[in-house]
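Understanding the architecture of this molecule
So the chains spell out like this:
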Amino acid sequence: MSEQQDVIAELGEAGVLAGVRWAYLSATTRALDIFSEADGHDAPLLGSIRYTLFRDRLDRVFACERYAVRSGNDDTDLDLLYDQLSERDIDTMPRLDAGLVHRSNLNGSPGWAIADLRFLLASCDFGKLDKLPWPQKSPTKQRVASQRDPEPPQPSLFEGLVMEEIGGLEMLASGQKLDLTTYVVAHTLDPLSQQIELVFGRPRLNSGGGQAWRWRQDLLGTPPADGGRRVDDTPLPTGPKDVPDAPVRLRRSAEERQDNRGSGEG
């Protein structure tokens with residue numbers, strides 16, 4: 001099997017990919033619910049809200065940071081876990097064992113790890129995932145993108161070159177080995193059409209442009225996991241009302257927007 005098949009199978013069977021998918025759909029739906037051009041909001045603010053909520057939802061579904069379970073009972077502190085989530089988010093949140101995934105930040109960049117695999121987050125423009133410019137990202141993301149390919153090695157791009165001509169490029173490409181094999185979850189949102197993209201993969205340092213991934217896997221096609229930590233007698237917290245289903249296209253219909261304008265809703 002290829003690395004892609006191995007990694008996707010491992011994370012899929014563990015429920016991690018379903019957790020990432022849930023977290024992004026929840027975060028994006030909530031961000032679009034908050035976002036209002038009429039209130040002066042712009043695309044950068046939408047991106048910031050989306051990222052912050054995505055990070056928060058990942059911590060929730062994986063029981064990390066402030067949502068960590070310390071009593072040994074995964075059903076404790078549900079008020080905190082469910083605070084500000086819609087009823088749909090609560091009902092569809094995958095139930096994963098606390099401790100399965102833990103926070104593993106890299107140079108201040110938020111990361112999550114299971115066993116010896118870690119992933120970070122990266123955003124880009126909608127429709128540009130395959131050309132994502134890693135050299136324009138942070139030094140941390142460049143290090144991740146410069147990890148050696150575990151597949152059968154190809155001839156080095158530097159063979160036959162004089163060392164002085166290589167300069168710092170070879171050093172960056174080889175780099176120091178990271179403490180964990182690190183992948184990237186990349187996400188996009190078109191603020192106009194409100195379409196989204198979500199992938200998991202091994203980035204490739206595309207210094208001269210071109211393909212940004214050694215491999216990547218679409219996560220929006222990942223089947224939803226069975227959700228539900230809530231027991232029948234657990235009261236729901238006060239939070240946002242139910243929101244529409246959040247498939248690839250999250251935009252409300254023209255009829256709904258017209259109804260909202262007529263009723264005075266933002």
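Residues numbered from 1 in each chain as written. Predicted model: local features only at pLDDT ≥ 70, side-chain atom pairs only at ≥ 80, totals over all residues. Heavy atoms only, no water.

This paragraph deals with the overall build of the chain. From N to C terminus, the chain includes nine helices and six strands. The buried share among the 266 residues of the chain stands at 43%. If you sum the accessible surface of the chain, you get close to 14,300 Å²; carbon and sulfur atoms cover 48% of it. (Helix = DSSP H or I, 4+ residues; strand = E, 2+ residues; numbered from the N terminus. Buried < 20%, exposed > 50% of the residue type's maximum accessible area, 1.4 Å probe, protein only. Areas by Shrake-Rupley, 256 points an atom, 1.4 Å probe, with all protein chains shown as cover.)

Burial analysis of strand β5 (residues 196-203) places seven of its eight residues in the buried class, the great majority of the element. With six bridges joining them, strand β4 (residues 181-189) and β5 adopt antiparallel strand pairing. By the bridge assignment for β5, Ala186 is matched with Val199. Between the antiparallel neighbours β4 and β5 lie six residues, among them Gln194 with a positive phi of about 60°. Pairing of β5 with strand β6 (residues 213-218), which is carried by five bridges, proceeds in the antiparallel orientation. Looking across to β6, one finds that Val199 is bridged to Asp218. (Pairing = 2+ DSSP bridges.)

It is worth spelling out the sheet that holds β4 at this point. Spatial strand order, β1-β2-β3-β4-β5-β6: six strands in an open sheet with mixed pairing. On the outer flanks of this sheet lie β1 (102-103) and β6, each paired with one strand and no other. Where helix α1 (residues 3-14) meets the sheet, it contacts β2 (111-114), β3 (117-123), β4, β5 and β6, and its direction lies at approximately 35° from that of β6. Across the sheet, helix α3 (residues 43-61) is in contact with β1, β2, β3, β4 and β5; its angle to β4 comes to roughly 135°. (Contact = heavy atoms within 4.5 Å. Axes fitted to C-alpha atoms, helices over the stretch in contact; angles between N-to-C directions.)

Our focus in this paragraph is the nonpolar core. Residues Val20, Phe54, Leu58, Phe62, Phe119 and Phe200 are the most contacted members of the largest nonpolar core, which totals 45 residues. With ten residues, the top contributor of residues to this core is helix α2 (residues 16-34). Core analysis: the second largest hydrophobic core is formed by 16 residues, Cys124, Leu129, Trp134 and Val199 among them. (Core = buried A, V, L, I, M, F, W, Y, C linked by side-chain atoms within 4.5 Å.)

Here the focus is the confidence of the model for the chain. Scored by pLDDT, the chain has a mean of 81; 71% of the residues are at 70 or more. Low pLDDT, under 50, characterises residues 157-171; the predicted model gives this stretch eight contacts beyond four residues in sequence or across chains. The low-confidence segment residues 230-249, where pLDDT is below 50, has 41 contacts with residues more than four positions distant or belonging to other chains. (pLDDT = per-residue confidence, 0-100.)

Turning our attention to α3. When the terminal C-alpha atoms of α3 are compared, their 27 Å separation across 19 residues agrees well with the 27 Å that a helix rising 1.5 Å per residue should span. Every buried residue of α3 is accounted for by Leu46, Ile49, Arg50, Leu53, Phe54, Asp56, Arg57, Leu58, Asp59, Arg60 and Val61. A side-chain oxygen of the first residue of α3 lies 3.1 Å from the backbone nitrogen of Leu45; this N-cap is Asp42. In the stretch just after α3, Ala63 is the one whose phi turns positive, near 55°. (Expected span 1.5 Å × (residues − 1). Polar contact = N/O pair within 3.5 Å; in protein donor to acceptor, adjacent residues only side chain to side chain.)

Below, the discussion takes up unusual backbone geometry. Glycine aside, the phi torsion of most residues is negative, and most peptide linkages are trans. For Glu65, which is not glycine, the phi torsion reads 55° and is therefore positive. Within the element layout of this structure, Glu65 appears in the loop between α3 and α4 (78-82). In the Ramachandran plot, Ala115 falls in the positive-phi region, its phi being about 55° despite a non-glycine side chain. Assignment of secondary structure puts Ala115 in the loop between β2 and β3.

Considering all chains together, one arrives at eight salt bridges under this definition. Ionic pairing is found between Glu3 and Arg202, a salt bridge with its closest N-O pair at 2.7 Å. Here the residue Glu3 occupies a position in helix α1, and Arg202 occupies one in strand β5, the gap between them amounting to 199 residues. Taking relative accessible area as the criterion, Glu3 reaches 12% and is therefore assigned buried. Measuring nitrogen to oxygen at the nearest pair gives 2.7 Å for the salt bridge that ties Asp56 to Arg60. Note that Asp56 and Arg60 are positioned in helix α3 at a spacing of four residues, about one turn of the helix. Residue Asp56 is classed as buried on the basis of its relative accessible area, which comes to 17%. (Salt bridge = Lys/Arg side-chain N within 4 Å of Asp/Glu carboxyl O.)

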